[in-house]
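Structural characterization, general
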Amino acid sequence: MIFIKLLTVACRQLAKKLWIIALVAVISAILSYILASAFLPPVYGAEVQVLVSGEEAILENYTRIATGRAVCSRLVDDFDLTATVEQLSDSIRIERLGDSSCLSVRVLCQDPQTSAILTDALVVYTNEAAAQAYDGATFLVYNDPVIPTEPYGMTALPLALIVFGAALLLSAVGFCIPLFRGRLFVDRRTAEELLHMPILGVIPSEKDRNGGIRA
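These lines cover the structure that appears in this document, whether it is placed above or below. (Residues numbered from 1 in each chain as written. Predicted model: local features only at pLDDT ≥ 70, side-chain atom pairs only at ≥ 80, totals over all residues. Heavy atoms only, no water.)

Turning our eyes to something else, we now look at the overall build of the chain. Scanning the chain from N- to C-terminus turns up 8 helices and 4 strands. Counting all 215 residues of the chain, 33% fall into the buried class. In the chain, 71% of the contacts between residues at least 6 apart in sequence involve partners at least 24 apart. Surface summary for the chain: the accessible area is close to 13,600 Å², and the carbon and sulfur share equals 62%. (Helix = DSSP H or I, 4+ residues; strand = E, 2+ residues; numbered from the N terminus. Buried < 20%, exposed > 50% of the residue type's maximum accessible area, 1.4 Å probe, protein only. Contact = heavy atoms within 4.5 Å. Areas by Shrake-Rupley, 256 points an atom, 1.4 Å probe, with all protein chains shown as cover.)

Our focus in this paragraph is the environment of Leu40. Examined against the element boundaries, Leu40 turns out to sit in the loop between helix H2 (18-39) and strand S1 (44-53). What makes Leu40 exposed here is its relative accessible area of 53%. Sequence-wise, Leu40 and Thr155 are 115 residues apart; in three dimensions their C-alpha atoms are separated by 7.6 Å. Once residues lying within four places of it in the same chain are set aside, the contact partners of Leu40 are Leu35 and Leu159.

The subject of this paragraph is unusual backbone geometry. Excluding glycine, most residues fall at negative phi; most peptide bonds, likewise, are trans. For Asp80, which is not glycine, the phi dihedral falls at a positive 50°. Relative to the helices and strands, Asp80 is located in the loop between helix H4 (69-78) and helix H5 (85-90).

All right, on to the sheet that holds S1 then. A sheet is described by the order of its strands in space; here 4 strands give the open sequence S2-S3-S1-S4, paired in antiparallel fashion. At either end of the open sheet lies a strand with only one pairing partner, and these are strand S2 (92-96) and strand S4 (138-141). Going across the sheet, the axis of each strand differs from the next one's by a mean of 30°, ignoring polarity. Relative to S4, S1 is paired through 4 bridges, and the arrangement is antiparallel. Pairing of Val52 across the sheet is with Phe139, part of S4. (Pairing = 2+ DSSP bridges. Axes fitted to C-alpha atoms, helices over the stretch in contact; angles between N-to-C directions.)

Time to look at H4. Buried within H4 we find Val71, Cys72, Ser73, Leu75 and Val76. Contacts made by the buried residues of H4 are with helix H3 (56-66), H5, S2 and helix H6 (112-133). Downstream of H4 by a residue or two, Asp80 has a phi angle that is positive, lying close to 50°.

This next bit is on the side chain of Ser171. Mapped onto the elements, Ser171 comes out in helix H7 (residues 156-180). For Ser171, the contacting residues outside a window of four places in its chain are Ile21 and Val24.

Under the criterion given, the structure shown has 1 aromatic pair. Residue placement shows Arg74 over the ring face of Tyr125; its charged tip is 3.7 Å from the ring centre. (Phe/Tyr/Trp six-rings, centres within 6.5 Å; stacked < 30°, edge-to-face > 60°. Lys NZ or Arg CZ within 6 Å of the ring centre and 35° of its normal.)

Right, dumping it as structure tokens:
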């Protein structure tokens, strides 16, 4: 019963500080949106699906071949890319679709058209290199890369919304911590709400270094 009363008092205290909590959350969301827009520009990834048949090891090593220096260097040289081999390798995304032998291949770029061109070339170069490494392996390309219209992965707006929710929660918890540590229950009004009886007087006591009341 006393715990329910404590929660009731905590909610009342939070209601009084609601504007502060909301202000902190809004400021945090705005700052995260600005920073994400400045340092995390949207990237696009045209997708190509490749069906791989042959040894199981081909599926496991397909990503290594695609992100390897041989394939990435060929892409950089053939398309005169300003990105380094390491940067291009980091921008490649290859995912296995469930338990099937189908792979999803993407090259992430800030320009959608460039992403489609590089993804198409990456699949061709990787299939050639994998076919040379594994005799009898075959690769079926399901689709040509379509120029993407939506960014790939996290963008500034969803990130700002996540930060907004996290800031609301953390701010509320921050205001509740001193409440449940007893720092706000020493006043007469709170004690009367908890005990449902008038308080005739308060005995002064020495405060500790954290602002609480020593026993």
